[in-house]
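Per-entry structural report
For reference, the chains in residue letters:
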Amino acid sequence: MGENSVPVIEAPPTASLADPLTLACGVTLTNRLAKSAMSEQLGSRANAPTPELNRLYRRWADGGLGLQITGNVMVDRRAVGEPLNVVVEDDRDFDGLAQWADAAKSGGSPAIVQLNHPGRQTLPAIASEIVAPSAVRVKIPGTPFVKPRALTGEEIETIIQRFATSAEIVTRAGFDGVQLHGAHGYLISQFLSPSVNQRDDEWGGDPERRRRFAIEIARAVREAIGPERILAVKLNSTDFQRGGFTEDESLAVIEQLGEGGVDLLEISGGTYERPAMVGSQRSSQSESSRAREAYFLEFAERAKLVTRMPLMVTGGLRSATAMTGALREGIDVIGIARPVCLEPDLPKRLIANDGTVSKLKPIRTGVKRLDPPADLWWSNIQLRRMGAGKNPRRTLSGWEAIGHALARDGLNSVRRKRS
Ligand SMILES: Cc1cc2nc3c(=O)[nH]c(=O)nc-3n(C[C@H](O)[C@H](O)[C@H](O)COP(=O)(O)O)c2cc1C
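None of the values given here were measured: they were computed from a predicted structure. (Residues numbered from 1 in each chain as written. Predicted model: local features only at pLDDT ≥ 70, side-chain atom pairs only at ≥ 80, totals over all residues. Heavy atoms only, no water.)

For the rest of this paragraph, the subject is the side chain of T271. On the secondary structure map, T271 appears in the loop between β11 (264–268) and α8 (287–291). Classification of T271 by relative accessible area gives buried; the value is 5%. Here the side chain of T271 touches E273 through a polar contact of 3.1 Å, landing on its backbone nitrogen. In this structure, T271 is in contact with Q121, H184, G185, N236, D239, Q241 and M277, ignoring residues within four places of it in sequence. (Helix = DSSP H or I, 4+ residues; strand = E, 2+ residues; numbered from the N terminus. Buried < 20%, exposed > 50% of the residue type's maximum accessible area, 1.4 Å probe, protein only. Polar contact = N/O pair within 3.5 Å; in protein donor to acceptor, adjacent residues only side chain to side chain. Contact = heavy atoms within 4.5 Å.)

In structure tokens:
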């Protein structure tokens, strides 16, 4: 695996959530708590940023985060992942992006935009382009996913350029950089997966060619944003699927991204088919892993051996004790998502008091298969409440969340099809 596979001897890891961290590009995270990306679905019907987004990000900025990562922003308006995603293709919404950046940075910490292309993980009601490395459908019983069209080589090059264009625009608008969404079964992760990427050309056929799409996007984006902005990547430890992207393949991607000038690597896992990112694989974890809360910490420890890139772990962390424990084990940044939907000021309290624990409880419907989507919708409803200037509502039930989301997204899909 090259010379970087030799364990790296570093200065003793920090043990304090309050410590700043300066990345290789020169941007400083004001502390070790980062808000991980959460799709807000608060764009306008024309996929522009809105005052609701500004209000939400100002609230989170007041909460004491060291870094904010926006929810996924799409690079192609024909291929959105969810209704009301923000899309950045050109300068048409430049002023709105600048206001969003301003709001997100109002607490004095940096903010970056997560860029994404959903590939096959979207629905015909909202996307006219449903593409993938190969024509392999998302397999979830009872869902309306369709067979995607396999991309041509020329289209692949165009998508790489789209990521670079969007990155240049959002950084010019004031964001401190971008994160590429290489996790959770979206297009970059589809290229990495041997079961979805069945190509046998320069974009598939073996692990090196499967990771070329990710590497080329990182290279194009770095060129577009220059050396002084954050280039981060979110990557799966594994897809948790037979025949999917494995831990060993992920380590090889991490090693190469580190050599390619990536500033920060966020580790997650899973896809729509296996939603490990929100804890669906938790029951198969060892007792000691559960005590450490984080879903992907063991993999992160392996990753630490192949790269010097700062690592961020996201998924499951709820207490200051476990977060500080992860820092002590060599993790550089703690990612938090669902907890700040209920408690936007949690970061400040975690830093001030090492006994702090999030009040968030797992969202349960009584139907196991519905728990992951209910959990996502529950959080999404809370962040939309904050966008509307309200407080989160702790008593919202999983079933209420499902009801709200179906009513809302169903309606949006119909509206969008007509417009
Ligand atoms: C409502 C919602 C939307 C999400 N949207 C995104 C997204 O746009 N991009 C992404 O990388 N992860 C997304 N995630 C996953 C989170 O970033 C995170 O990986 C996951 O929630 C686990 O972290 P947690 O246990 O702190 O919530 C989303 C999660 C939630 C709850």
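What follows concerns the packing of aromatic side chains. The geometry of an aromatic ring pair comes down to the distance between the two centres and the angle between the two planes. All chains considered together, the criterion is met by nine aromatic pairs. Residues Y57 and W100 carry aromatic rings whose centres are separated by 5.6 Å and whose planes lie at 80 degrees to one another, so their mutual orientation is edge-to-face. Of this pair, Y57 sits in helix α1 (residues 51–62) while W100 sits in helix α2 (residues 94–104); the two residues are 43 residues apart in sequence, bridging distant segments of the chain. Of the two residues, Y57 and W100, both sit in the buried class. Each ring, one from Y186 and one from Y272, has its centre 5.7 Å from the other, and the planes form 80 degrees; the classification is edge-to-face. A residue pair is termed long-range when its members are at least 10 positions apart, and Y186 in the loop between β9 (177–182) and α4 (187–192) and Y272 in the loop between β11 and α8 qualify at 86 residues. (Phe/Tyr/Trp six-rings, centres within 6.5 Å; stacked < 30°, edge-to-face > 60°.)

Residue pairs spaced three or four apart in an α-helix point in one direction, given the helix's 3.6 residues per turn. In this model, helix α13 (residues 371–387) (17 residues) spans 24 Å end to end at C-alpha, consistent with the 24 Å of a helix rising 1.5 Å per residue. Those residues of α13 not exposed but buried are D371, P372, A374, D375, W378, S379, N380, I381, Q382, L383, M386 and G387. Looking at the residues trailing α13, positive phi occurs at G389, about 85 degrees. (Expected span 1.5 Å × (residues − 1).)

A few words on the site of the ligand. Around the ligand, a shell composed of 22 residues is seen, among which A37, S39, Q114, G316 and R338 lie nearest. One of the backbone nitrogen or oxygen atoms of G316 is found 2.8 Å away from an oxygen atom of the ligand. Its free accessible area being 610 Å², the ligand has 95% of it covered by the protein chains. When residues of the shell around the ligand are assigned to their parent elements, the largest contribution, three residues, is made by α13. Here the shell around the ligand is composed, by residue class, of eight nonpolar, 11 polar and three charged. (Near = heavy atom within 4 Å. Areas by Shrake-Rupley, 256 points an atom, 1.4 Å probe, with all protein chains shown as cover. Nonpolar A, V, L, I, M, F, W, Y, C, P; charged D, E, K, R; others polar.)

A few words now on the pattern of salt bridges. If you walk through the whole model with that rule in mind, you get 32 salt bridges. Between D201 and R199 there is a salt bridge, with its nearest N and O atoms 2.8 Å apart. Residues E266 and K234 are paired through a salt bridge, measuring 3.4 Å at the closest nitrogen-oxygen approach. Of this pair, E266 sits in strand β11 while K234 sits in strand β10 (residues 230–236), and the two are 32 residues apart along the sequence. The exposure classification of E266 matches that of K234, with both residues buried. Among the ionic contacts, a cluster of salt bridges with common partners joins D76, R77, R78, E89, D90, R92 and R162. (Salt bridge = Lys/Arg side-chain N within 4 Å of Asp/Glu carboxyl O.)

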